[in-house]
Amino acid sequence: MGGWSVFVTCCVWAIFLLALFGDSLASAPEFDPYKVLGVSRHASQAEIKKVYKRLVREWHPDKNKSPGAEDMFIKITKSYEILSNEERRSNYDRFGQMDENQNFARAPQGFRHFHDSFYFDESFFHFPRTSRDFTDSKHHLHYNQYITEVLPASFKRPYLIKITSEWCFTCIHIEPVWKDTVLELEPLGVGIGVVDIGYERQLANHLGAHRTPSILGLINGKVTFFHYAVVREHLRQFVESLLPQKLVEKVTDNSYLEFLNSWHEENKPRVLMFDVASNIPLLYKLTAFAFKDYVQFGYVDMGLTQTSKVVQRFNINTYAPTMLLFKENTDKPADVIQARGMKKQIIDEFVSNNRFLLVPRLVNQKLFDELCPVKQFHRRRKYCVLLVTGEGEQFVSVNEAFFDFASSNTKEVVRFAYVYQRQQQPLCDTLLKKEDTTPPQVILLERRSATGRVLYRTVTDGWNGSDDDKHRLHEQLEILQRDPSYLTHDAMLPELNNEFASMFLIQWINAAYDYLSQFYFDLLYSNWREMMPVLSLIFSALFILFGTVIIQAFSESGEDKPTKQKATDPPKTAESSPGQESTSSRPPKKNFVEVTELTDITYMSNLVRLKPGHINVVLILTDASKQVLLRKFAKEVYSFSGSQTLHYSFLNVDKHSQWMDSLMESAPDARPSDCLDEEEEFTSNKSDYTGHVLALNGHKKYFCIFRPVFTGEEAECSRWSEEDAATAGPSKASRSRSSSRQKATTLEIHHKLDRLGLWMERLMEGTLPRHYVPAWPGLDTITPQK
């Protein structure tokens, strides 16, 4: 035990002395990327890139055979990786030595000085790091490179990206599989990328990768994570699964004619690929994805008996893969390639040179820009011969004659195309409006700017497809190639409509499907870091909704208790008033009164089918008095709005003028006697019911009426209500009504409801007279406005 204590003490003292005098001990050779590249610390990115290119050409091992060329080339490459990335360059400027085993952006300052005092020989641990990093260096991705280059390129080819970091031992274990996969897939056209999460934290967060090692696929700007065992076959299948399903159509003897003849609908050339393989090779799928916007691909498995006719039809050699490209002529291929080992470069060049039909239809702006590029140099003039035609049968012969002319006049400087007037109406109107011509017409044009400016000229005498028309068009093309000023008209063309664009609803459904599928995979594979914000939002919304429902349920149950207690009381007699049933000192539940309009839609529910014991208080008004009377009405009845048996509405007599007259005729006792003298009844077209209030009991078919009563010094003379008539004599009532008629026209409208509160109290007490009707008059018709 004593020996071990001495040994531990010596080790502690040795570490302490190394920390104090580490600067005087042997240290690792200093690696300065600025010195390696020979640039200053204030050098710009352009200067660093220029020096890097020069040094790479000078020290490349294939050109420089000196013993230290390879080591120097590695140093130059590593120096450029550090200085070309702003984050890594900043870390080096702040923390000094930028060893691959360190991440100074996260190292504590106090520990860094102690760590720099030691030098560990990596060869002692036998970590194969240099070869691995050098292999991944050409695939290393930076954030700006990903945004500007990789992301747009993912719409042409899929990418396989590995997320790694320093001191990731699992990354070292999968390195051989990754290297073999890269050697297999990269020649086929799959993009490869490597992201160091320690140096490219921003890019890793953007991709959603938070652990190492991770492998993900990128296609069409969408990121998909790989969740299976890291085996080369699994990675290959993962890349195939990223591609769209119906990218290459399988063709047999029964379907090859339909496949070739559908070029007209899709406006694309057709490529038939012949090979002896049950599954479509990945190389063909990747080629089809790269040219999906231009060419439609089909695959013929020559090992099947169902494809023998099509193989014999085109005389295909079954010992080597073959590709046939068809344009308008489906009987004879426009181009053919055949080779035992199909290379991606050969296929890409073959398809790229034939990606357009001989006479394509202009279906979108992108196709127009590629067929008729903007003039840039005098020697690169490109002219477009455009046929404006229609889709009917009368245009078939005209279109075929134009196709025949184009097939016999294939020149580099002339491109032929056609357009349907109905599909591209704005374009055709712009080109044909100056000469007021109708299709079919042939137009010679040259694009002068990307904004849409063109020079053009319409071929004289139109286009009927005759030999004279062909001869005339040929002569004008010859003149145009000799004299570019032959194009006399100038115009600004609008952007072409995209004829193949899907509807907005379909686009929305596809976007929703992609989002839901991504959500499902994230949930399935427990990517909780990405799912946490979404799950937090969902649970928060559910909690708020559930809490609101619970609170509302408890509040409503508390309010219903008095009602349930009253239900145990003995029933009232038939003579008891409904107002007495609903008498309550309950305060209003709301700070406003809800008043609905009585129309033909709400008439049945608010009156005819009103619940027993419920009363609808209806205010009669006109368009002119609506705002004033509603404001006064709400003020007067607000103290009674707490009752659950009272409802409030208003009736516009300008819309339903006959309803009040019908109601008064159904209840003659409701009309006061001698309210109008004989002369006034003779001269007046209709009674003025503005300001009247009705309490309607829809179930028992009776109503109580409030007539306008005014306040002021003439209040006693001008007020006349039904309850007063019941207590006053006929002579006194007659004199009061006579004096009120003289004063009524001079009083303001809002004073008509001054005594409505007292009337409402009597309604609640049940002391108002009731007027019964045999049936409620209808409210079906609306009086037309004059």
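Conventions adopted
Residues numbered from 1 in each chain as written. Predicted model: local features only at pLDDT ≥ 70, side-chain atom pairs only at ≥ 80, totals over all residues. Heavy atoms only, no water. pLDDT = per-residue confidence, 0-100. Contact = heavy atoms within 4.5 Å. Axes fitted to C-alpha atoms, helices over the stretch in contact; angles between N-to-C directions. Helix = DSSP H or I, 4+ residues; strand = E, 2+ residues; numbered from the N terminus. Parallel < 35°, antiparallel > 145°, perpendicular 65-115°, else oblique. Left-handed = near helix turned anticlockwise from the far one by under 90°. Nonpolar A, V, L, I, M, F, W, Y, C, P; charged D, E, K, R; others polar. Buried < 20%, exposed > 50% of the residue type's maximum accessible area, 1.4 Å probe, protein only. Pairing = 2+ DSSP bridges. Disulfide = S-S within 2.5 Å. Polar contact = N/O pair within 3.5 Å; in protein donor to acceptor, adjacent residues only side chain to side chain. Core = buried A, V, L, I, M, F, W, Y, C linked by side-chain atoms within 4.5 Å. Phe/Tyr/Trp six-rings, centres within 6.5 Å; stacked < 30°, edge-to-face > 60°.

Quick notes on the confidence of the model for the protein chain
Mean pLDDT over the protein chain: 77, with 74% of residues reaching 70 or higher. Residue range residues 19-29 is modelled with pLDDT below 50. Its contacts to residues more than four positions away, or to other chains, number 10 contacts. Every residue in residues 99-134 scores below 50 in pLDDT, and together they form 50 contacts with partners more than four places removed in sequence or on other chains.

Considering the packing of helix α20 (residues 396-407) against helix α22 (residues 467-482)
Between α20 and α22, whose axes approach to 11 Å, the crossing angle comes to 45°. The orientation of α20 relative to α22 falls into the category oblique. In terms of crossing hand, the pair formed by α20 and α22 is right-handed. Contacts between α20 and α22 involve Ala401, Asp404 and Phe405 on the former and, on the latter, Lys470, Leu473, His474 and Leu477. Among the residues forming the contact of α20 with α22, the class breakdown is 4 nonpolar, 1 polar and 2 charged.

A closer look at helix α21 (residues 425-432)
Taken together, the buried positions of α21 are Leu427, Cys428, Thr430, Leu431 and Leu432. If you follow the buried residues of α21, they end up packed against β10 (383-389), β11 (414-420), β12 (441-447), β13 (453-458) and β14 (489-492).

So, the sheet that holds strand β7 (residues 296-301)
One open sheet holds the 5 strands; their spatial order is β5-β7-β6-β8-β9, and the pairing between them is mixed. If you trace the sheet from one side to the other, it starts and ends with β5 (248-250) and β9 (335-338), each paired once. In this sheet, neighbouring strand axes are inclined to one another by 20° on average, regardless of whether the strands run parallel or antiparallel. Sheet analysis places strand β8 (residues 322-326) next to β9, joined by 4 bridges and oriented antiparallel. Looking across to β9, one finds that threonine 322 is bridged to glutamine 338. Taken strand by strand, helix α18 (residues 344-352) contacts β7, β8 and β9, and its axis lies near 175° from that of β9.

Some thoughts on the state of the cysteines
With the rule as written, the count across this model stands at 2 disulfides. Here cysteine 168 engages in a disulfide with cysteine 171; their sulfurs sit 2.1 Å apart. Between cysteine 168 and cysteine 171, the disulfide has an S-S torsion of 75° and is therefore right-handed. Cysteine 168 gets classed as buried once you look at its relative accessible area, which sits at 8%. With its sulfur 1.7 Å from that of its partner, cysteine 372 forms a disulfide with cysteine 384. One disulfide, between cysteine 372 and cysteine 384, carries an S-S torsion of -125° and so falls in the left-handed class.

Here we look at the sheet that holds β10
The 5 strands are arranged β11-β10-β12-β13-β14 in an open sheet whose pairing can be described as mixed. The sheet is open, and its two borders are formed by β11 and β14, each paired with just one other strand. Neighbour to neighbour, the strand axes of the sheet diverge by 35° on average, direction disregarded. One ladder, built from 7 bridges, connects β10 with β11; its direction is parallel. Among the inter-strand pairings, threonine 389 is bridged to a residue of β11, identified as tyrosine 420. Contacts from α22 reach β10, β11 and β12 within the one sheet, and its direction differs from that of β12 by about 15°.

Structural notes on the side chain of arginine 270
Assignment of secondary structure puts arginine 270 in strand β6 (residues 270-275). Polar contacts involving the side chain of arginine 270 include one to the main-chain carbonyl oxygen of phenylalanine 259, which spans 3.0 Å. Reaching out from arginine 270, the side chain makes a polar contact with the side chain of glutamate 266 at a distance of 3.1 Å. Sequence-distant contacts of arginine 270, that is, excluding residues within four places in its chain, are made with Phe259, Leu260, Ser262, Trp263, Gln296, Leu324, Leu325 and Phe326.

So, the nonpolar core
Of all hydrophobic cores here, the largest spans 63 residues; its most connected members are Leu160, Val248, Met273, Phe297 and Met323. Looking at which element gives the most residues to this core, the answer is helix α16 (residues 282-290), with 7 residues. Grouped together as the second largest cluster of nonpolar side chains are 25 residues, Leu619, Leu646, Tyr648 and Phe706 included.

Regarding the packing of aromatic side chains
Summed over all chains, the structure comprises 19 aromatic pairs. Look at tyrosine 256 and phenylalanine 314: their rings are 6.2 Å apart centre to centre, the planes differ by 85°, and that puts the pair in the edge-to-face class. With tyrosine 256 in helix α14 (residues 256-261) and phenylalanine 314 in the loop between α17 (308-313) and β8, the pair connects residues that are 58 residues apart, well separated along the chain. For the pair formed by tyrosine 256 and phenylalanine 314, the shared burial category is buried. On the numbers, 6.0 Å between centres and 75° between planes, the contact of phenylalanine 405 with phenylalanine 416 is edge-to-face. With phenylalanine 405 in helix α20 and phenylalanine 416 in strand β11, the pair connects residues that are 11 residues apart, well separated along the chain.

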